[in-house]
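# Topology and contacts: notes
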Amino acid sequence: MDGVRLVAIQLDNWKSFGRVPTRNVIHLAPLTILVGPNASGKSNALDALRFLQGAAFGHPLGDVLRGRSEGGREIWPGIRGGVVEASRSGQHAFALWTCWEGVLAPGSSERVTHLLHVDTDDDVSVVREALYKGRNEEEYFFHTHRSEER
């Protein structure tokens, strides 16, 4: 297997998704088709992927949600609903967990989990970010709120 592939995403308090981890995990294959009735969350799941894409491009998270223009030209179209609708109704934060699988070091294949927990209350900001080995929160490569001494 060459490269790294997104194999799952968990949406906690993202738009219409609540905090029921067993129901909010979307497993992804090399070809994944989202099927469901209207208002079942298909577009919201795709919006989560777009949000992560904007963050990976290095755009400020507020701009990822609201959109960004420079010199009258749209640089990044915002996420549907903007900041107001990014967190589930009545909530002021959301978390997106992504699970990645692939060759991360020569000669090995492993799984890592990335967490991005975002506050949408006053200004959009990162509450916590981490990169775990597998899904084990005790074995981390990077964590914004844990001591680097292990």
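Along each chain, residue indices are assigned from 1 in the same order as the chain's sequence is written. Totals for whole chains, interfaces and linings use all residues, but because this is a predicted model, local features are given only for residues with pLDDT of at least 70 and pairs of side-chain atoms are given and counted only at 80 or more. Values reported for side chains reflect all heavy atoms of the structure, with hydrogen atoms and water molecules removed beforehand.

## Digging into the overall build of the chain
The number of helices and strands found in the chain is two helices and eight strands. Helix and strand definitions here come from DSSP, where helices need a minimum of 4 consecutive H or I residues and strands a minimum of 2 consecutive E residues; each element is numbered from the N-terminal end. The helix and strand sequence of the chain, counted from the amino end, reads β-β-α-α-β-β-β-β-β-β. C-alpha extents for the chain along the principal axes are approximately 45 × 40 × 35 Å. Relative accessible area decides the class of each residue, using a 1.4 Å probe on protein chains only: under 20% of the type maximum gives buried, over 50% gives exposed, and in between gives partly exposed. Evaluated residue by residue, the chain yields a buried proportion of 37% over its 150 residues. Once local pairs closer than 6 in sequence are excluded, the contacts in the chain between residues at least 24 apart make up 44%. Roughly 9100 Å² of accessible area belongs to the chain as shown, and the carbon and sulfur atoms make up 52% of that amount. Here, two residues are considered to be in contact whenever any of their heavy atoms come within 4.5 Å of each other. Reported accessibility uses the Shrake-Rupley method at a 1.4 Å probe radius. Residues are deemed covered only where the shown protein chains occlude them.

## Observations regarding the nonpolar core
Throughout, nonpolar core names a set of buried Ala, Val, Leu, Ile, Met, Phe, Trp, Tyr and Cys residues whose side chains join them through atoms within 4.5 Å. Core analysis: the biggest nonpolar cluster contains 23 residues, and L11, W14, F51, L65, F94, L96 and V118 have the highest contact counts within it. At the level of secondary structure, the elements contributing two or more residues to this core comprise β1 (4-12), α1 (42-56), α2 (61-66), β5 (93-105) and β6 (108-119). With four residues, the top contributor of residues to this core is α1. In contact with F94, other than residues within four places in its own chain, are D12, N13, W14, F51, A86, S87, L116, H117, V118 and T120. Listed in part, the six residues of the second largest apolar core include A95, L115, Y132 and Y140.

## A closer look at the side chain of D63
Positionally, D63 belongs in helix α2. For D63, a relative accessible area of 18% translates into the label buried. Polar side-chain contacts of D63 include one of 3.2 Å to the side chain of R68. Leaving out residues up to four positions away in the same chain, D63 has contacts with R68 and W76. Here a polar contact is recorded for every N or O atom pair within 3.5 Å, except that within protein the pair must consist of a potential hydrogen donor and a potential acceptor, and residues adjacent in sequence are included only if both atoms are side-chain atoms.

## Thoughts on a nonpolar patch on the surface
Here the term patch refers to residues with relative accessible area over 30% and no salt bridge, with like charges joined within 9 Å and nonpolar side chains (Val, Leu, Ile, Met, Phe, Trp, Tyr) within 5 Å. A pairing counts as a salt bridge when a side-chain nitrogen of Lys or Arg comes within 4 Å of a carboxyl oxygen of Asp or Glu. Taken together, the side chains of L31, I33 and V35 make up a nonpolar region of the molecular surface, amounting to roughly 390 Å² of accessible area. Assessed through its relative accessible area of 64%, I33 is described here as exposed.

## Points about the environment of A45
Structurally, the position occupied by A45 is in helix α1. Judged by relative accessible area, A45 falls into the buried class, the value being 5%. Beyond its immediate stretch of four places on either side in the chain, A45 contacts L11, F17, I26 and L34.

## Remarks on the confidence of the model for the chain
When the pLDDT values of the chain are averaged, the result is 89; 92% of them are 70 or greater. Per-element confidence in the chain ranges from a low mean pLDDT of 81 for strand β8 (residues 136-143) to a high of 97 for α1. pLDDT expresses, on a scale from 0 to 100, how confident the predictor is about each individual residue.

## Here we look at the side chain of H59
For H59, the location among the structural elements is in the loop between α1 and α2. Note on H59: relative accessible area 19%, which makes it buried. Setting aside chain neighbours within four positions, we find H59 in contact with G54, V64, I75 and W76.

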